[in-house]
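Per-entry structural report
Next come the chains, spelled out residue by residue.
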Amino acid sequence: MLEYIVFSILNSLLYGMLLFMLSSGLTLIFSMMGVLNFAHASFFMLGAYFAFQISVFVGFWPALIFAPLIVGVLGAGVERYGLRTVHKYGHVAELLFTVGLAYLIEESVNLIWGRSAMDYRIPEILDFPLITLFSTDLSAYRVFMLVRSIGMFVVLFMVLTRTRIGLIIQAALTHPDGVSALGHNVPGVFMLVFGGGSALAGLAGVLGGNYLITEPAMAAQLGPIVFVVVVVGGMGSLTGAFIASLLLGALQTFAVGIEYSMSDLLALFGINLDTGGLLKDLWRIQVSHTGPILPYLFMVLMLMFRPKGLMGKRET
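Reading guide: rules and limits
- Residues numbered from 1 in each chain as written.
- Predicted model: local features only at pLDDT ≥ 70, side-chain atom pairs only at ≥ 80, totals over all residues.
- Heavy atoms only, no water.
- Helix = DSSP H or I, 4+ residues; strand = E, 2+ residues; numbered from the N terminus.
- Buried < 20%, exposed > 50% of the residue type's maximum accessible area, 1.4 Å probe, protein only.
- Contact = heavy atoms within 4.5 Å.
- Areas by Shrake-Rupley, 256 points an atom, 1.4 Å probe, with all protein chains shown as cover.
- Expected span 1.5 Å × (residues − 1).
- Arc of directions from axis to C-beta.
- Phe/Tyr/Trp six-rings, centres within 6.5 Å; stacked < 30°, edge-to-face > 60°.
- Salt bridge = Lys/Arg side-chain N within 4 Å of Asp/Glu carboxyl O.
- Polar contact = N/O pair within 3.5 Å; in protein donor to acceptor, adjacent residues only side chain to side chain.
- Core = buried A, V, L, I, M, F, W, Y, C linked by side-chain atoms within 4.5 Å.

A count of helical and extended segments in the protein chain gives 13 helices and two strands. For the protein chain, the proportion of its 316 residues judged to be buried stands at 45%. Partitioning the contacts of the protein chain with sequence separation of at least 6, the portion at a separation of at least 24 is 78%. As displayed, the protein chain has an accessible area near 16300 Å², and 69% of this comes from carbon and sulfur atoms.

Moving on to helix 13 (residues 294-305). Between the first and last C-alpha of helix 13 there are 16 Å, a value that for twelve residues agrees with the 16 Å anticipated at 1.5 Å per step. All of the buried residues along helix 13 are Leu 294, Pro 295, Met 299 and Met 302. Take helix 13 and look down its axis: the buried residues cluster within an arc of 140°, on one side only. The inward-facing, buried residues of helix 13 abut helix 9 (218-233) and helix 10 (238-256).

This model, assessed by the stated rule, comprises twelve aromatic pairs. With a centroid separation of 6.2 Å and 65° between ring planes, the pair formed by Phe 50 and Trp 113 is classed as edge-to-face. With Phe 50 in helix 2 (residues 40-58) and Trp 113 in helix 4 (residues 91-113), this residue pair connects regions lying 63 residues apart in the sequence. What makes Phe 50 buried here is its relative accessible area of 17%. For Trp 113, a relative accessible area of 17% corresponds to the buried category. Ring plane angle 15° and centroid distance 4.2 Å describe the contact between Phe 153 and Phe 242, whose orientation is recorded as stacked. Taken as a pair, Phe 153 in helix 5 (residues 140-162) and Phe 242 in helix 10 lie far apart in primary sequence, 89 residues in all. By relative accessible area, which is 16% here, Phe 153 ends up buried.

With that out of the way, let us pick up the pattern of salt bridges. Inspection of every chain in the model, using the stated rule, returns two salt bridges. Between Glu 79 and Arg 84 there is a salt bridge, with its nearest N and O atoms 3.1 Å apart. Its salt-bridge partner being Arg 121, residue Asp 119 comes within 2.9 Å of it at the nearest N-O pair.

For Leu 294, the position within the fold is in helix 13. The exposure class assigned to Leu 294 is buried, which follows from its relative accessible area of 18%. Between the C-alpha atoms of Leu 294 and Leu 248, which are 46 residues apart in sequence, the distance is 8.5 Å. The residues touching Leu 294, leaving out its near neighbours within four places in the chain, are Leu 251 and Ala 255.

Within the secondary structure, Ser 55 is located in helix 2. A polar contact of 2.7 Å, which involves the side chain of Ser 55, links it to the backbone oxygen of Phe 52. Other than its neighbours up to four places away in sequence, Ser 55 contacts Phe 60, Ala 63 and Tyr 120.

As a further point, take the environment of Phe 190. Position of Phe 190 relative to the elements: it lies in helix 8 (residues 186-209). Residue classification places Phe 190 among the partly exposed positions, given a relative accessible area of 21%. Taking C-alpha positions, Phe 190 is 9.3 Å from Arg 84, a pair spaced 106 residues apart along the chain. In contact with Phe 190, other than residues within four places in its own chain, are Met 32, Met 33, Glu 79 and Ala 172.

Moving on, we get to the nonpolar core. Core analysis: the biggest nonpolar cluster contains 84 residues, and Phe 20, Phe 43 and Leu 207 have the highest contact counts within it. With 14 residues, the top contributor of residues to this core is helix 1 (residues 2-33). Apart from residues lying up to four places away in sequence, Phe 20 is in contact with Met 152, Phe 153, Leu 238, Ala 241, Phe 242 and Ser 245.

Dropping the structure here:
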């Protein structure tokens, strides 16, 4: 039992921080530009594929640097020559643009790399058990991912709250005309933010692509849960996204190992359900089988009782 709790905590931290790396860029883009980018998970996928391709020629460590930069440049180009053009037509046009972009990226990946999973492996220097707890090994790469994710959160938070560029970004959100009057290029700031958010998604792809599976379906698999994180944390709140990532990561991770149903739980208190038909089957569903839907159930409850999310400030 203790082993299950300890490793569930470690795995939930790892999965939660991966979700945060992916959702932080989306949160940053929405807080600045009010754009809910449905192609954000596709940039995550591009980061994994670019990292795989670069690592084939020069190894993992150059890929860790250059793959997010390439994704960031692509994201900046998307904002400059795509979103900026459709922005004048309103949020619906922006939404349709990003949805179409997601399909375009997915089909481009299928065309270039095919539909099979890539052999994107963990670097050999980190492919060893760093810690052994309860006869179970914790790999060095998982610890590296966790440290890198926490470091990214600290750096991003400090940049946005303690630096000049962070102050300009926050000011451009609420007073774009005033920032422009002071001589700052507000459209350029927007392009920088969109490119930076895309680069963060690319970084998550570099670190998560070999931990998960690098395949064309990876964007569709993680894309919905990222929006759940953003909604639960609060639209535009970086701290809220951090808390929601850890919370939802723990929710899914712990649920996987709970082999109890509602009828089992009630039986502990001496309550025996004698229902037939569909209700009988529902009461016997184990928690481990409901793990994939729990984040979405949590999101629905959050929207019902706290629409702004845990730490949201903006009306959506």
